[in-house]
Amino acid sequence: MKPHRRRPLAVTSWLIIITLLLVLWPKPSTAAQAVVRLADSNQNWSEGRFIRTGLAATEIGGVQLVPAKVLDQWDTATGLPYGLSQHTTTTYRNRIFVVGGNKLENGQLVKSDAFFASKLIPGSGGQLEPWSWQSGNSTIPALPIKVSDAATIVVEVGSKAYLFVLGGQRGEGNLDDVTTANIYSYEIRENPNGQLLPGSWQLSASQLPHEPNYDLNDPDVGRGGGARNISAATITIAGETYIYLFGGLSRTYIAGGYDELYFSTVFRSKVTASGSGPVLGAWEAVGDITERINTSVQTVALASAAAVTFIDPDDGSTGVYLIGGTNTVNIYDANAYIAKINGTDPAAPIAWLDTGNMSETRIGHDAVQAKGKITISGGSVNADAPTTSLARGFIEEDLKLYRPDPLSANFDLDQGALEQARMYHTMETLRDSQTAIDYAYILGGRVQINQQTQDRASSQVLYGDLDEQPQETEDFVADGRYYSKVFDFGLRAEYFRLIFTTMVDPGETIEMQYRVGNDRQNLSAPTVIPITPQAGTNTYTFTFSPSIEAQYFQFIATLKASPTNRRSSPILDKVELDVKRIGFPNIRFKAQNPPQFQPSTIDSTTTTITPVIPIINERYDAEHPALDADWDAPGSFFVDIYVIPPGQTPTAPTMGQTGIAWAEVSKALMKSTMEGPYIIPSANWRPGSCTTNCPTVNWKHIFTAVGTYNIYVMVDSIDDPAAIFGNVKESDTSTTLGETDNIFGPFTVTVNEFVDKRTFVPMTMTPPTQGAAIPTAPEMPRRRVHTIGDSQ
């Protein structure tokens, strides 16, 4: 237990507390028990898996069923710098990137080298920042090739993120020409303010594996290669990163004519890091796109399919959904082909699941996935006429698509969900970091203005709330299931109670289950928690008897609407777990990043004196890991600075001694996973004699005498559960678990001459000679400031 005090109590108050602690203090322990909130905010809930469930936009929040509707409310976001169609887009974190496409010049569609980027403004309800692009603000370069219908993905490798542009259709003058096998990469970098930094495009030594691949410079041999309209995905298997390519269409020129070839092959390449950028391994064929309907299995050559992915949090496998497009005989496709890719074994073959159906063919469309819900927008259902329809489907626990009954389609359709028909656009989704709401964005494309007029390359950007709530006249789905993320509480964690709150109307039910285990990929079978939900808002406490010991914990909730009234949904909120974990927070100072003052030598030229106090939360040792400082309760703790004047013997601080200055630190900042120390901002330091409405410390008032000061720093984390600022409780055993690392010092500050005489000497007095004593400011009447070495 660290020997220090909780502000703002005076020293005499601590004498009483110390006595009580000595009498009532528990036996030494190497574990900490608390009731931990598993899900009580949109951010918490969004980490789980949603099966026909979504975030509840009510006063209590939580998770509920989703509306039985297709998104039909769209607003206008910041438009593209210029209009595009048949472009490609991708996202990274909260940013959208737009690449290539067709643009209008002199009434003709020509290929573009467009490269635009925009960012979601947190808390704005879905709005985007102004677009960055070369001609607009010179922050990012144009694409080095004019191309449309490319595939674009982002790959994270070697702690860096790269945007890849793969293949596409090149342009010669105003005419479409041939496809390309070129692959370009661009490193995505941001400055500390989150602004996109300029970079450069790199042409990869690897090319697309699609054959034939002719020499573009020798038309006698042939021209073109690679493919366009490929469906691409970034997939992680056993910690390795792969690019997967599904299908596509090549267009080449040879012997005076153009040849088009559809592909059914699935290729992949492992991406590794090097000092000069990402390296693509050899492309390997790993199967073919496969249609599975009942007992029928056949290979499908496919291009222009919209592709979305969904990662199963249980086993890490990835579901890839290839939706619509054109096949070998140029027939528009209405299917959704589903590939399940093993997340732990790169040698495992692709498993093709039951093929889904949209009931409506589409090309020139796009799709997004958010919270287990797939939304498909626009496209053309016949000939070259765009549509206003949207489709929506749900991903099931086994990665198949939900089908209400054997004869129905897997997607609901809404004709007219888009006010204006459109095709050859793109669609992306971004999640607001403040609200955890997912927004869908529809970018550019060919837009039907009215019955007679089309905008062949629109700059319009629409956005809609994918978590929107139904109107009073609309229904919810009949049932759904929510899987929490798998919580890791460390080795030998022990569980005592699960506490949760429900809000249900008559006829609605919520069924709760849990599962545990020491192998994240092999948890126990779900165990039912026997409750009978009551109408209204109720909090339930389920006691594990006996308690359960396991590293991993997950809860599962099944929500069911009333069979006779689906205008409301049951809501689950505030799930808590009473758990004991091995370890404690370990807030400490490190010799590698020692506390100091800048400058450490002061003279009359010194203008500012700044404390640089880094603190970190690290494990004690392999057997005793650190926990997040706020794992048991939110709040703050304090760090104090002790100043020993020149000529006095340095003595480490002990319980009851108030520092000359203190700073308050939020416990939420001190995570056990923090990579580097947290440096307390200089503006956060307050005088030790002050308890309310405290000004910032003026260090020139403290270092007033010529000579060497000795400085100590201490982390204040007294275990006082009643304290309004919470507590950071470390282990009770100070000798074995590193308690002494919460005090650092002494380190020194040397004053060679006075910094600022005007601060301390009245205008009517004659300035003292060099080295003479200076009158100090009167003490605050509320409490006495104790510094080490004080004669009082």
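All values derive from a computational prediction rather than experimental measurement.

Asks: Help me understand the overall build of the protein in this model?
Replies: Each helix and strand counted, the protein has 3 helices and 61 strands in total. Burial statistics for the protein: of 792 residues in total, 53% are counted as buried. Here the analysis covers contacts within the protein between residues at least 6 apart in sequence; of these, 68% occur between residues at least 24 apart. Counting only carbon and sulfur atoms, one obtains 49% of the accessible surface of the protein, whose full area is about 33,900 Å².

Asks: Looking at this structure, I do not really get the pattern of salt bridges. What am I missing?
Replies: Opposite charge on two side chains lets them pair, provided their charged atoms get close. Per the counting criterion, the structure on display carries 29 salt bridges. When the shortest N-O distance is used, the salt bridge between Arg 228 and Glu 260 registers 3.9 Å. With a gap of 32 residues between them, Arg 228 in the loop between strand 17 (201–203) and strand 18 (231–237) and Glu 260 in strand 20 (residues 257–274) connect regions that are remote in the sequence. Arg 228 gets classed as buried once you look at its relative accessible area, which sits at 15%. The exposure class assigned to Glu 260 is partly exposed, which follows from its relative accessible area of 47%. Ionic contacts of the salt-bridge type, sharing partners, join the residues Lys 69, Asp 72, Glu 468 and Glu 474 into one network.

Asks: How do you make sense of the sheet that holds strand 56 (residues 636–644) when you look at a structure like this?
Replies: Pairing between sheet strands relies on hydrogen bonds along the backbone, with the strands arranged either parallel or antiparallel. Strand order in the open sheet formed by 6 strands is 53-61-60-56-57-59, and the pairing between neighbours is mixed. Only two strands of the sheet have a single neighbouring strand rather than two, namely strand 53 (601–602) and strand 59 (686–687). The pairing of strand 53 with strand 61 (residues 743–751) spans 2 bridges and is classified as parallel. Each bridged residue has a counterpart across the sheet, and for Thr 601 the counterpart in strand 61 is Thr 750.

Asks: What am I meant to see in the state of the cysteines here?
Replies: For the coordinates displayed, the defined rule picks out 1 disulfide. Disulfide pairing places Cys 690 opposite Cys 694 at an S-S distance of 2.2 Å. Sign of the S-S torsion, about -100° for the bond between Cys 690 and Cys 694, identifies this disulfide as left-handed. Under the relative-accessibility criterion, Cys 690 is labelled buried at 4%.

Asks: Just to check I follow, could you spell out the environment of Trp 283 for this structure?
Replies: Tracing the backbone shows Trp 283 in the loop between strand 21 (277–280) and strand 22 (284–288). Look at Trp 283 and you get buried, because its relative accessible area is 16%. In this structure, the C-alpha to C-alpha distance between Trp 283 and Leu 245, residues 38 residues apart in sequence, is 9.8 Å. Those residues in contact with Trp 283 that lie beyond four places of it in its chain are Leu 166, Ile 183, Ser 206, Gln 207, Leu 208, Pro 209, Ile 243, Leu 245, Phe 267, Arg 268 and Ser 269. Polar contacts involving the side chain of Trp 283 include one to the side chain of Ser 206, which spans 3.0 Å. At 3.1 Å, the side chain of Trp 283 and the backbone oxygen of Gln 207 are in polar contact.

Asks: Please explain the side chain of Asp 149 as it appears in this structure.
Replies: Turning to its location among the elements, Asp 149 is positioned in the loop between strand 11 (147–148) and strand 12 (151–157). For the buried residue Asp 149, which engages in no salt bridge, the nearest side chain bearing the opposite charge is Lys 111, 4.7 Å off. The residues contacting Asp 149, other than those within four sequence positions of it, are Gln 86, Gly 168, Gln 169, Arg 228 and Asn 229.

Asks: How should the pairing of strand 24 (residues 296–299) be read in this particular structure?
Replies: For a regular strand, side chains alternate in direction, first toward one face of the sheet and then toward the other. Where strand 23 (residues 290–293) meets strand 24, 4 bridges bridge the pair, whose relative direction is antiparallel. In the strand pairing of strand 24, Arg 292 is matched with Val 297.

Asks: Is there a simple way to think about the confidence of the model for the protein in this case?
Replies: Do not read the fine detail of predicted coordinates wherever pLDDT is low. Looking at the protein, the pLDDT average stands at 86 and 86% of residues meet or exceed 70. The low-confidence segment residues 1–28, where pLDDT is below 50, has 72 contacts with residues more than four positions distant or belonging to other chains. Contacts from residues 757–792, a stretch scored under 50 in pLDDT, to residues over four places away or in other chains number 53 contacts.

Asks: When you look at the packing of aromatic side chains in this model, what are you seeing that I'm missing?
Replies: The relative placement of two aromatic rings is captured by the distance of their centres and the angle of their planes. Inspection of the entire model under this criterion finds 34 aromatic pairs. Look at Tyr 244 and Phe 246: their rings are 6.2 Å apart centre to centre, the planes differ by 20°, and that puts the pair in the stacked class. Side by side, Tyr 244 and Phe 246 carry an identical accessibility label, which is buried. Put simply, the rings of Phe 487, Phe 489, Tyr 495, Tyr 514, Phe 542, Phe 544 and Phe 553 pair up and form one aromatic cluster. Between Lys 371 and the ring centre of Phe 50, over which it is positioned, the NZ or CZ distance is 5.9 Å.

Reading guide: rules and limits
- Residues numbered from 1 in each chain as written.
- Predicted model: local features only at pLDDT ≥ 70, side-chain atom pairs only at ≥ 80, totals over all residues.
- Heavy atoms only, no water.
- Helix = DSSP H or I, 4+ residues; strand = E, 2+ residues; numbered from the N terminus.
- Buried < 20%, exposed > 50% of the residue type's maximum accessible area, 1.4 Å probe, protein only.
- Contact = heavy atoms within 4.5 Å.
- Areas by Shrake-Rupley, 256 points an atom, 1.4 Å probe, with all protein chains shown as cover.
- Salt bridge = Lys/Arg side-chain N within 4 Å of Asp/Glu carboxyl O.
- Pairing = 2+ DSSP bridges.
- Disulfide = S-S within 2.5 Å.
- Polar contact = N/O pair within 3.5 Å; in protein donor to acceptor, adjacent residues only side chain to side chain.
- Lys, Arg positive; Asp, Glu negative; His and termini not counted.
- pLDDT = per-residue confidence, 0-100.
- Phe/Tyr/Trp six-rings, centres within 6.5 Å; stacked < 30°, edge-to-face > 60°.
- Lys NZ or Arg CZ within 6 Å of the ring centre and 35° of its normal.

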